[in-house]
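# Architecture and fold: a report
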Amino acid sequence: MSTVKFTVDGEKISAEKGETVMSACKKHGIDIPKLCQHDAMENVMACRVCIVEVNGEQIQPACGLKVEEDLEIKTETDEIKKYRRMNLELIYRSENHYCMFCESDGDCELQDLMWENGIDYFEHPRLFPDRPIDSSHEHIVIDNNRCIRCGRCVRACEEVVGNQTLAFGGRGLENEIVADADVPLKESTCVSCGMCLQVCPTGAIFNKHSMFKGIKDECDLTESTCLRCSVGCETEIYTRTGHLVEIEGAESEMESGGQLCEMGRFEPLVDRTEKIDDVIYKENETEKEMSLAKGLEKAAEVLDEGDKISAMASGNLTNEVLDSFSEAMRTHGALFDVVGAKRHRFEKEVKRRINMIEGHFIDDITEVMKADHILLYDTSVRDTHPVLASYIRRAAMNGTRLITIDAYEDRFWEHSDISISVESPKTQLTRLINQVVREGKGSIEDLTRVSSILGGLRVHPRDVMQVVKHLEESTYDIIILGSEIIDRWSIRHIFELAKLEGSYLISLNQASNQYIRSLETEGVYEEPDVAYVLAGDEDDQEDMKKLIENADFSIVQASKRSELTEKADLVIPSLTMFEREGTSVNINGEEKEVERVMEPKGELKSEREFFEELAEKR
Amino acid sequence: MTRREILICSGTGCLSAGAEEIEDKLMDELWKHELEDKYPVTRAIKRTGCMGPCNLGPMIIIRPEDTFYGNLEPSDVETIVEEHLLKDRVVRNLLIEDDGHKVEEFQKLDFIQGQKKIVMRNSGDIDPSSLEDYLENDGYMAARKAITDMEREEIIEEIKESGLRGRGGAGFPTGLKWEFTAREDEDEKYVVCNGDEGDPGAFMDRSVLEGDPHSIIEGMMIAGYAVGANKGYIYVRAEYPLAIRNLQKAIRDAESEGYLGENLFNTQFDFNVELRVGAGAFVCGEETALLSSIEGKQGRPKYRPPYPAQSGLWDQPTVINNVETFANIPIIIEKGSEWFDDIGTEGSSGTKVFAVAGDVGNTGLVEAEMGTTIEEMIDIAGGVAGGKDFKAVQIGGPAGGTIPEEHIDLPIDYDSLEEAGTIMGSGGFIVLDEDTCMVDVAKFFLDFTQEESCGKCPPCRLGTKRMLDILDKITKGEGESEDLETLEELAETVQNTSFCGLGQASPNPVLSTLRFFREEYEAHVNEKECPTGTCKALVEAFYIDEEACVTCGKCTEVCPVDAISSGDESYSIDPDTCISCGECAQVCPVEAISEGDNE
Amino acid sequence: MAEDKPTVATACMCGCSGCHMSFLDVDEFVKELAELLEFQSSHVIMDIKDIEEVDIGILEGTITNEENVEVAKEMRDNCEILVAWGDCACFGGIMTMRNFEPVEDILEECYIGKSDDESEIPDPEHVPALTEKARGLDEVIEVDAYIPGCPPSADIIRYGLEKLLEGEIPKLDKDKLRY
Ligand SMILES: Cc1cc2nc3c(=O)[nH]c(=O)nc-3n(C[C@H](O)[C@H](O)[C@H](O)COP(=O)(O)O)c2cc1C
Ligand code: SF4
Ligand code: SF4
Ligand code: SF4
Ligand code: SF4
Ligand code: FES
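The rules behind the values
Chains are numbered independently. Their residues run from 1 in the order of the written sequence. For this description, chains carry letters from A and ligands carry numbers from 1, given in the order in which they are written. Only residues with pLDDT of 70 or above have their local features reported here, since the model is predicted, and side-chain atom pairs are shown and tallied only from 80 upward, although totals for entire chains, interfaces and linings are computed over all residues. Water and hydrogen atoms play no part in the side-chain values, which are based on all heavy atoms of the structure. Going along the chain from the N terminus, every DSSP run of H or I of four or more residues is numbered as a helix, and every run of E of two or more is numbered as a strand. Computation of the radius of gyration draws on C-alpha atoms, with the globule rule given as 2.2 Å multiplied by the number of residues to the power 0.38. Type-normalised accessible area, obtained with a 1.4 Å probe on protein chains alone, sets the label of each residue: buried when under 20%, exposed when over 50%, and partly exposed for intermediate values. Contacts between residues were defined by any pair of non-hydrogen atoms, one from each residue, lying within 4.5 Å. When charges are counted, neither His nor the chain ends are considered; positive counts come from Lys and Arg and negative counts from Asp and Glu. For this purpose, a charge sits on NZ of Lys, CZ of Arg, CG of Asp or CD of Glu. One heavy atom within 4 Å of a molecule or strand makes the whole residue count as near it. Three classes are used: nonpolar for Ala, Val, Leu, Ile, Met, Phe, Trp, Tyr, Cys and Pro, charged for Asp, Glu, Lys and Arg, and polar for all others, with Gly counted as polar. Accessible surface is computed with a 1.4 Å probe, and the buried area is the amount of it that two parts give up when combined, taken over both parts together. The term salt bridge refers to a side-chain nitrogen of Lys or Arg lying within 4 Å of a carboxyl oxygen of Asp or Glu. Within the patch definition used here, like charges are joined within 9 Å and nonpolar side chains (Val, Leu, Ile, Met, Phe, Trp, Tyr) within 5 Å, considering only residues with over 30% relative accessible area and no salt bridge. Each accessible area is a Shrake-Rupley result for a 1.4 Å probe, and residues are judged covered by the shown protein chains and nothing else. Space inside and on the surface of the protein is sampled on a 1 Å grid over the protein atoms alone, with a cavity defined as a set of points where a 1.4 Å probe fits but cannot get out and a pocket as an open set with protein on both sides within 12 Å along at least 5 of 7 lines; lining residues have an atom within 4 Å of a point. Grid points are joined across faces, edges and corners, and a volume is the space filled by probe spheres set on the points. Note on aromatic contacts: the rings of Phe and Tyr and the six-membered ring of Trp form a pair at centre separations within 6.5 Å, being stacked when their planes are under 30 degrees apart, edge-to-face when over 60 apart, and tilted otherwise. We call a charge positioned above a ring when the Lys NZ or Arg CZ atom is no farther than 6 Å from the ring centre and deviates by at most 35 degrees from the ring normal. By the criterion applied in these results, polar contacts are pairs of N or O atoms within 3.5 Å in which, for protein atoms, one can donate a hydrogen and the other can accept it, and in which residues neighboring in sequence qualify only through two side-chain atoms. Two strands pair if DSSP finds at least two bridges between them. Only C-alpha atoms enter the line fits that serve as axes; for helices the fit covers just the stretch in contact. Angles between N-to-C directions range over 0 to 180 degrees. Known as pLDDT, the predictor's per-residue confidence is scaled from 0 to 100.

## Points about the overall build of chain A
Broken down by element type, chain A carries 20 helices and 27 strands. Its C-alpha atoms give chain A a radius of gyration of 28 Å, near enough to 25 Å, the size a compact globule of 618 residues would have. Seen through its principal axes, chain A has C-alpha atoms that stretch 85 × 70 × 45 Å. Put simply, chain A has 618 residues, and 61% of those count as buried. When contacts within chain A are restricted to residue pairs at least 6 apart in sequence, those whose partners lie at least 24 apart make up 66%.

Okay, here's the thing in structure tokens:
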């Protein structure tokens, strides 16, 4: 990278060639006013607020202008200030900006600029347009009356989320934000990630669950890691007087663009399930509340009495909690497992049998966007790992060939180049692909043989050939194996395929915390005397449910009421995900800090101490 | 009896004036007089593109005499056939008059004589749907010469030396533009013809596309060869169905006769052309928006640099030129850069086609040599209509400006126009007579650009709206003293900070009328008066002096809106109905009627 | 007291008196002010309705009826420096939301549509008629200084008054400007 030198308001600055004046200035602490520019997206130079004077003659937007040797930039000439004021005023006065009852009052980039530029009176009258407000969506409101047409939301939805839901409809003054072909957002292709509202500089798109709960400046901010899936997005969590206000993605994370998904951004805000504060012991159909200490004793007692003990933890807990829990359980002679670990164990076994090296596994999922081919086996990724899904969509939009295979609905059909549907992700298909790779096309040219292998599969041999052809053509292909695949043969075939083709692999499982890969886990007794389930915030885990249903006595430790706690004999409170602190390992194998967002409200202050005590009570 | 050819103008203007009816009638008459052998339809009757003097339509030219009959009614055709075709006698009463004398030959029309036809060389002369006709007129000779005889650099040099500048508005040197693209080291390059022509009242590109489509294909092919592109796109607005039809046929014919496709003229050079039909938003004429539109995206302008020449269609180097620009190419290659450079002025060679409209004798297309003065142009167009005085001319459409009477001897070329505060634009030329309100003119053009703003950037989307509101206020008599200043400030902001040319140029009509006709604005604002009586809200009704009225009733007969009612002592005018035309005052024998309040 | 103390008059147009309330929040500064200024009239602290010649005229609220127009003009005629307090006076504020609909429709909706049977649209003979549009002060009279905010904080009001006492026209920006 060569550097160039240029002047800004008389100050000499050096910058990298190809950089914009705005970004170079920012690095030197000179903030040029802006509205449409956003680091996570392409610059469109639409708002004309960042205008600067170039070489004493031209006027150019700093966000579009590339640095050049000896450029002479002035950011605050009388002329520039006059034009900037005029444009700001026109923007403000042409829509219905009534700050005093706007959701974004105090959190608004337009308002900030108005103040910054000392606009304490107006030269132009208000226009009073009457624009649509779309509040159909569960979480998001789009109020076109406050929209400044910066296009950030449109670009975020397309460039960051890879979704292309939002667009500009209409020309000139009729230019408005619409979803798809102007349908209510609720009925659109929106994936409810909330990226649009995060980047909207004004009160035009806002969060229903956060509105009027507090200005960000007046909130406490905690930077943490989302533990809803193993992507482990970095979060910025705003609270006020101990209450959750809003969750945002950290925009410093450039590749993700500061994305979160519906689970990470909205679900904690809408969660109204009753919290568990006390120990509940059920005896003869009656519920008895007891202190935490009593609960601990009771648990120890039951564990002591049990012969076959199964312990299962949620995969969304921190390393520290998982460690101390497994330790406590082992001292009580229990078999220990974590949700998602089974898939990992299968994987490990396959790797050992086919002699697979770690080098096949990608340690940065954003690599997906650099691949020329992606084979996605099990499209549930869209719901289980939504931000990874956005990378896949972005890759597909930018020309990566996407091959999808699913037993159910192909959740990437809009982006998929070859979409293969199988009755269920059965082993035959993978075996077939595998076989062609191994034995050559000849092995499949005999169609009768093919159909016998295919059995009842709704898959055409042509598709198989296509898949193989593309994999062979590609120079950088990534195979993504969704977390719903838990049959050993499929895993083996896919891994083998990767080995044969030299493909890279991303193998997903249900756990958010990939620390499970270093933990020792094993299968549990299916019909134990005692089942101890550490559910945390989890409530709909099939394996956990099955386990307590089959146990003589069940202990569920959870933060909130759920089907699990209804069925348990002994319920012990756990911390919520915002009360917990510690570390967690994401899919890239990086250890991430999980910060405490709120002080624990109940008697339980530390799960680790609780389990240490439980271990001692042996 | 001489062997003749009959040319029927089938440009859009003439078609809507009834050219098809004339053609039908002509066929009937030929049949009736058993002339079908002498006048085989395919040879002797030719539908041509626009001949130029559109307000004389429908029109025909009979060759070889070059006799011109215009403003024809179907009933005239019978006379023409019986007299002219059968008896070789010109039908004098159907000839067109110029300055009181009848003109027999088309070339002798004042309107035609003052012109110099380069771009329109074939339009109105050949059958646009016939490749054969084009070939007969040396069609594709230039392309053959360029591709088989010339080096790429040589062609670019030739175009550079000819001094040809883009006719789409900005006037960028065409050769230079080609050179930029030629220099790029990419396999895929494109040539795009901008036929969006969105200026209100403009139809020069349309006429060329309709009247001489092959010349555009040929121009593009030469460009493609010169810059190393094998694919061309012609972007035409959907409102031009005839242009689309003729282009489609031209492309098909050229393909089947080997003038498009692979190994052209037995060389290694391949070239193909595809037609793209645009939705017709004005901003789609802006090159980056147009390219987005061809790519199937929303037609919104993009930031330059990079310029299309480096990174255009699908991010590949792209030459984009206007229709008229391409039409000049074959003839430059054919006759040489020197020949072309000799035409016109120092900085502006060649000709320019103007759509002459407004208060002139003859409206229509005028192709004039660069450097022709405004006065000469108006003469070509038959002078100011109705013997009125000339006030100003609006040149360059909504992005252009107004030039007042005192500059009537201004030569029309890029540099002179720019100095006078306007631009060549795509060639709008609207003559305004003494009765035109300049505030109203500014409002008309601003109204257009405001409507056409794509909405991407605030100065254009909102600034033009605000300016329009102020103009509206002024024409309604609600102007305030600071309005003109605010208008200027807004204009400056919009001009200097808008994203694309549409916004940047949109204040031009306002600024140039403010520059030359400020007192007219001031009259509106300060005296609440519209000097030309155009702004309805500002004109005062007429009234009748009761003492003086002799109740003759002459005034009631002339009032076009029946505002005058009779009375015993005196007639009276209803001020709410009166439109202040002043007809009544002119007929009153005792001068009892005058303008203003009856106070 | 010395005669050369600047005189002040304040009045409220169509507003909630919140700006005046916020002014009262200057707390002990009131005492200081009393030393520095002479209040000729101010509806929140004294019962004088007539506006006489003053140095500083302060107006709160939107112009929404004929009386407001009258008071605004009277104030303008009687003061040297006219100060607009609050979003309403500065830009029209929340009251301008009625400008979305014609005034007749608003009256109809309020007094007929949303009221009981006996309700009727007030007679302009008795109650000042509404103006066609609700407007900020500077759309009717000339304004010299703007102190926006809904309401402007006591600190900012104080800052504005202090500047005026120093003989300057207050101009707000950055941290001082809020609305
Ligand atoms: C708002 C706007 C509208 C335009 N419309 C047209 C048009 O209709 N036709 C055209 O040829 N050029 C139009 N242009 C100019 C083109 O951007 C471009 O300069 C031109 O096509 C280049 O061709 P030329 O060099 O042959 O003139 C327009 C420009 C702007 C800013
Ligand atoms: S979007 Fe911003 S400027 Fe607009 S009303 Fe809301 S806070 Fe004020
Ligand atoms: S929530 Fe996400 S997917 Fe939905 S419109 Fe916004 S950015 Fe697009
Ligand atoms: S909704 Fe927000 S982000 Fe989208 S264009 Fe409007 S102001 Fe910008
Ligand atoms: S100036 Fe701006 S709003 Fe106007 S057409 Fe160009 S980009 Fe669109
Ligand atoms: S930030 Fe540069 S134009 Fe908007």
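Still to come is the rest of the account.
## A few points about the overall build of chain B
Of regular secondary structure, chain B possesses 24 helices and 19 strands. In terms of overall dimensions, chain B is globule-like: its C-alpha atoms have a radius of gyration of 27 Å, near the 25 Å expected for 599 residues. On the principal axes, the C-alpha backbone points of chain B span a range of 95 × 65 × 40 Å. The burial tally for chain B puts 58% of its 599 residues in the buried class. The long-range share in chain B, meaning contacts at least 24 apart out of those at least 6 apart in sequence, stands at 70%. Across chain B, 53 positive and 118 negative side-chain charges occur, with their mean positions spaced 7 Å apart.

## Some thoughts on the site of ligand 3
What surrounds ligand 3 is the set I140, C157, N163, L166, C190, V191, S192, C193, G194, M195 and C196 of chain A. Grouping the amino acids of the shell around ligand 3 by side-chain chemistry returns eight nonpolar, three polar and no charged.

## Examining the interface of chain A and chain C
The extent of an interface is frequently quoted as the accessible surface area lost upon association of the parts. Taken residue by residue, the interface counts 20 residues in chain A and 19 residues in chain C. Buried surface at the junction of chain A and chain C, both sides included, amounts to about 1,800 Å², of which 63% is carbon and sulfur. It is M100, W115 and D120 of chain A that lose the most area in chain A upon contact with chain C, and together they represent 38% of the buried surface on that side. The interface formed by chain A and chain C contains one salt bridge. With a closest N to O distance of 3.1 Å, K171 of chain C and D120 of chain A form a salt bridge.

## Here we look at a nonpolar patch on the surface
Taken together, F101 of chain A together with I94 and M97 of chain C make up a surface patch of nonpolar side chains, about 220 Å² in accessible area. Here F101 of chain A shows up in the loop between α2 (78–94) and α3 (109–116). The class for F101 of chain A is partly exposed, based on a relative accessible area of 33%.

## As for empty space enclosed by the protein
To find leftover empty space, one rolls a probe the size of a water molecule over the atoms. All names here are of chain A. Summed over all chains, the structure comprises twelve cavities of 30 Å³ or more. Taken together, 14 residues make up the lining of the largest cavity; nearest its centre are T225, C226, L227, M577 and F578. Counting residues per element, the ones that place at least two in the lining of the largest cavity are β11 (220–225), β12 (234–240) and α6 (262–265). Class assignment of the residues belonging to the lining of the largest cavity gives a composition of nine nonpolar, four polar and one charged.

## Concerning unusual backbone geometry
Of note, the bond from R304 of chain B into P305 of chain B is cis; its omega dihedral lies within 30 degrees of zero at -5 degrees. Structurally, the position occupied by P305 of chain B is in the loop between α13 (287–294) and β10 (318–322). Here the bond from C150 of chain C into P151 of chain C is cis, since omega is -10 degrees, no more than 30 degrees from zero. Position of P151 of chain C among the secondary structure elements: in the loop between β7 (145–147) and α6 (154–165). Phi at R48 of chain A takes a positive value of approximately 60 degrees, unusual for a residue other than glycine. Take R48 of chain A: it is sitting in the loop between α1 (21–27) and β3 (51–54).

## Description of the packing of aromatic side chains
Applying the stated criterion across every chain, the model contains 33 aromatic pairs over all chains. Aromatic rings pair up to connect Y92, W115 and F122 of chain A together with F91 and Y179 of chain C into one cluster. Note that K351 of chain A overlies the ring of F361 of chain A, its terminal NZ or CZ placed 4.5 Å from the centroid. Here the guanidinium or amino end of R152 of chain B rests over the ring plane of Y225 of chain B, the centre of that ring lying 4.7 Å away.

## Details of the site of ligand 1
All names here are of chain B. Not every one of the 18 residues close to ligand 1 is listed here, only the nearest: G168, K177, N321, N322 and T325. Contact between ligand 1 and K177: an oxygen atom at 2.8 Å from a side-chain N or O atom of the residue. Within the contact set of ligand 1, an oxygen atom lies 2.8 Å away from a side-chain nitrogen or oxygen of N321. A total of 600 Å² of accessible area belongs to ligand 1 in isolation, and the protein chains cover 89% of it. The set of elements that each furnish at least two residues to the shell around ligand 1 consists of β10 and α21 (501–505). With three residues, the top contributor of residues to the shell around ligand 1 is β10. Within the shell around ligand 1, the residues separate by chemical class into three nonpolar, nine polar and six charged.

## Considerations on the pattern of salt bridges
Residue and element names in this part refer to chain B. As enumerated under the stated definition, the model contains 85 salt bridges over all chains in all. Across the pair K25 and E29 runs a salt bridge, and its minimum N-O distance is 3.6 Å. With K25 and E29 both in helix α2 (residues 19–32) and four residues apart, this pair spans about one turn of that helix. When its relative accessible area of 25% is taken as the criterion, K25 is described as partly exposed. Note that E324 and K352 form a salt bridge whose closest N and O atoms lie 2.7 Å from each other.

## A short note on the sheet that holds strand β21 (residues 477–481) of chain A
Residues and elements named next belong to chain A. Spatially, β20-β19-β18-β21-β22 is the arrangement adopted by the five strands of the open sheet, whose pairing is parallel. Of all strands in the sheet, those with a lone pairing partner are β20 (418–421) and β22 (504–507), marking the two edges. Strand-to-strand twist in this sheet, taken as the mean axis angle between neighbours without regard to direction, amounts to 15 degrees.

## Considerations on the interface of chain A and chain B
Taken together, the contact between chain A and chain B spans 31 residues of the former and 29 residues of the latter. Summed over both sides, the interface of chain A with chain B buries roughly 2,500 Å², with 58% coming from carbon and sulfur. Here chain A and chain B share two salt bridges between them. For E492 of chain B, the salt bridge goes to K82 of chain A, with nearest N and O atoms at 3.5 Å. On the surface where chain A and chain B come into contact, there are 13 residue pairs in polar contact (both at pLDDT 80 or more). Per-element accounting of the side of chain A that touches chain B gives the leading share, eight residues, to α2 of chain A.

## Quick word on α3 of chain A
Residues and elements named next belong to chain A. Within α3 the residues assigned to the buried category are L110, Q111, L113, M114 and W115. In this fold, the buried residues of α3 make contact with α2. G118, located one to two residues past α3, shows a positive phi value of around 60 degrees.

## A word on the arrangement of the chains
Across the two pairs of chains that are in contact, the largest number of contacts falls between chains A and B. Taking C-alpha atoms only, the smallest gap left between chain B and chain C, which are not in contact, amounts to 12 Å.

## Comments concerning the confidence of the model for chain A
Scored by pLDDT, chain A comes out at a mean of 92, with 95% of its residues at no less than 70. Mean pLDDT per element in chain A: helix α15 (residues 447–454) of chain A is the minimum at 53, and strand β7 (residues 140–143) of chain A is the maximum at 98.

## Notes on the sheet that holds strand β1 (residues 7–12) of chain C
Residues and elements named next belong to chain C. Across the sheet, which stays open at both edges, the five strands sit in the order β2-β1-β3-β5-β7 with parallel pairing between neighbours. In this open sheet, the two edge strands, each paired with only one partner strand, are β2 (38–42) and β7. The average undirected angle you get between the axes of adjacent strands in this sheet is 20 degrees. In this sheet, β2 lies alongside β1 in parallel orientation, the contact comprising four bridges. Opposite V8, over in β2, you have F39 as the bridge partner. Of the strands in this sheet, β1, β3 (54–60) and β5 (79–85) touch helix α3 (residues 66–78), which is tilted by about 135 degrees from β5. Its contacts with the sheet place α6 against β3, β5 and β7, and it is angled at close to 165 degrees to β5.

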